[in-house]
Amino acid sequence: MMIAAFEREPYLRELEVKVTAVAEDDAGPYAVLSDTVLYPEGGGQPADHGYLGAIQIVAVQRVDGEIRHYLQVAAATGPATLTLDWERRFDHMQQHTAQHLITAIAADELGWETTSFHLGARSSDIELDVESILDADLRTLEERAAAVIHEARAVTARRAAPEELAGGAIRSRGLPAGHEGDVRLVEIAGIDCNTCGGTHVATTAEIGAIKLLGTERLRGGTRLHWVAGARVRTLLAAHETRAAALRAIFETSDDEVLHVIDSKLARLQHAERRIKRLSAALAEETARRLDSSAGIIVEAHFDGADAQFLQSLVRHMTALGTSRACLLTATSDSGSFFALHRGADSELDLETVGGQTANLFNGRGGGSADLFQGKAGSLERRPEAVSLLEDAIGGSSR
Ligand SMILES: [Zn+2]
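First, a word on scope: everything that follows refers to the structure included in this document.

1. Concerning the coordination of the zinc ion
Working step 1: Coordination sphere of the zinc ion, protein contribution only: His96 (NE2), His100 (NE2), Cys196 (SG) and His200 (NE2), at 2.0 to 2.1 Å.
Working step 2: Classification of the site at the zinc ion rests on its four donor atoms, whose angles at the metal span 98 to 122 degrees, yielding the label tetrahedral.
Working step 3: Summarised as a motif, the one-chain spacing of the donors to the zinc ion is H-x3-H-x95-C-x3-H. A residue pair is termed a helical-turn pair when its members lie 3 or 4 positions apart in one helix, as histidine 96 and histidine 100 do in helix H2 (residues 86–110) at four residues.

Structure (structure tokens):
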């Protein structure tokens, strides 16, 4: 089998190829090429993107022993220029080589084996066969990786006979079932030798930097998240933008911002508890005032109050034994609300009156035989709602 260009020359960005076959499957139209500089998804590394002539290549997959380049629109057979999205590829090379390095140091210096690798769009992760990781060990891992990056060690790939694997010096997560023929070995000089079909940078210096982000525990193992290469700067820039916004909002420095947020939250909680107490006292006092008001019904509107306040009012009026029916409305930042209560020992058909009131308010509601409450679209027709309830009471008392 021919070794593809992305493996022979991982830094090659453009290649003159022949489109040998075009077809379509569930994933869309695709082309099979005489050779390719585009890496097909595999081994935790996502597929490359690029162009076949002027046609965008959106995915590359190995299917039935061939490499399918999935295209935005169908292509024709014949000669074409294949171009690699180099920025995306180099990022993948940085993340992937970083993974080899982290895996090697984790195994050799901390005794943790890597059981899986995932190269994500923003960060990447590996799973390690250790139940939990101490912060001090993470620091050791990160410092050691930084040192090897600084040493600019060569990263090379070669094909070898499978028997070479038996020696034990080669780190391998095992060959795919049914693998035949030689294997590809990727070596970081003096650090690691591993079976891998992916693309890698030429020296550890090209990884740039590795920042470990954090861990999470999962089914007996630990997932370790990290970024490498240009992603370290992208992430730092995002953090700095957010830090600047926080400094501006809270008018303080990075050193003080957490303390300022903590104390503001504590004051907010204190204020909320105070508002709750005052609202309860206000509801009780208001209920008493409404109970002794004049009129055949009780009706009142409250600006800046919510549905909860209306419910609290009704509870207090029930406790006071208010016998008249009442219509209460309120408007707050979260909208307008209404509550109808039919009063103690009343025979009023509240469901019907409630439904009609909800219609007048262009809203909706529901409740029990004694209490109907809801949200109002508009309280413009409130006077009509008052008359409606008064008429209903007049009717039911006749
Ligand atoms: Zn690799």
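2. Notes on helix H5 (residues 254–291)
An α-helix turns once every 3.6 residues. As a result, residues three or four positions apart point the same way.
Working step 1: Across its 38 residues, H5 extends 55 Å between first and last C-alpha, which sits within 8% of the 56 Å expected from 1.5 Å per residue.
Working step 2: When H5 is considered as a whole, its buried residues turn out to be Val257, Val260, Ala283, Thr286, Ala287 and Leu290.
Working step 3: The secondary structure elements touched by the buried residues of H5 are helix H4 (230–250), strand S14 (298–303), helix H6 (307–320) and strand S15 (326–332).

3. Side note on the nonpolar core
Working step 1: Leu52, Leu101, Ile210, Leu224 and Trp226 are the most contacted members of the largest nonpolar core, which has 54 residues in total.
Working step 2: The dominant element in this core, judged by the number of residues it contributes, is H2, at eight residues.
Working step 3: Beyond its immediate chain neighbours, meaning those up to four positions away, tryptophan 226 contacts Gln95, Ala98, Gln99, Ile102, Phe117, Ser123, Ser124, Asp125, Ile126, Lys211, Leu212 and Leu213.

4. Topic: the pairing of strand S17 (residues 364–367)
Working step 1: Inspection of the sheet shows S17 paired to strand S18 (residues 371–376) by four bridges, in the antiparallel sense. Counted as the bridge partner of glycine 366 is glutamine 373 from S18.
Working step 2: Hairpin connection of S17 to S18: three residues between the antiparallel strands.

5. Let's talk about the environment of serine 116
Working step 1: Checked against the element boundaries, serine 116 lands in strand S7 (residues 114–119).
Working step 2: We classify serine 116 as partly exposed; its relative accessible area is 24%.
Working step 3: A sequence separation of 83 residues divides serine 116 from threonine 199, and the C-alpha atoms of the two residues are 17 Å apart.
Working step 4: In this structure, serine 116 is in contact with Asp125, Ile126 and Glu127, ignoring residues within four places of it in sequence.

Conventions we followed
- Residues numbered from 1 in each chain as written.
- Predicted model: local features only at pLDDT ≥ 70, side-chain atom pairs only at ≥ 80, totals over all residues.
- Heavy atoms only, no water.
- Donors = N, O, S within 2.8 Å, 3.2 Å for Na, K, Ca; no water.
- Tetrahedral: all angles 85-135°; square planar, octahedral: opposite > 155°, others 65-115°.
- Helix = DSSP H or I, 4+ residues; strand = E, 2+ residues; numbered from the N terminus.
- Expected span 1.5 Å × (residues − 1).
- Buried < 20%, exposed > 50% of the residue type's maximum accessible area, 1.4 Å probe, protein only.
- Contact = heavy atoms within 4.5 Å.
- Core = buried A, V, L, I, M, F, W, Y, C linked by side-chain atoms within 4.5 Å.
- Pairing = 2+ DSSP bridges.

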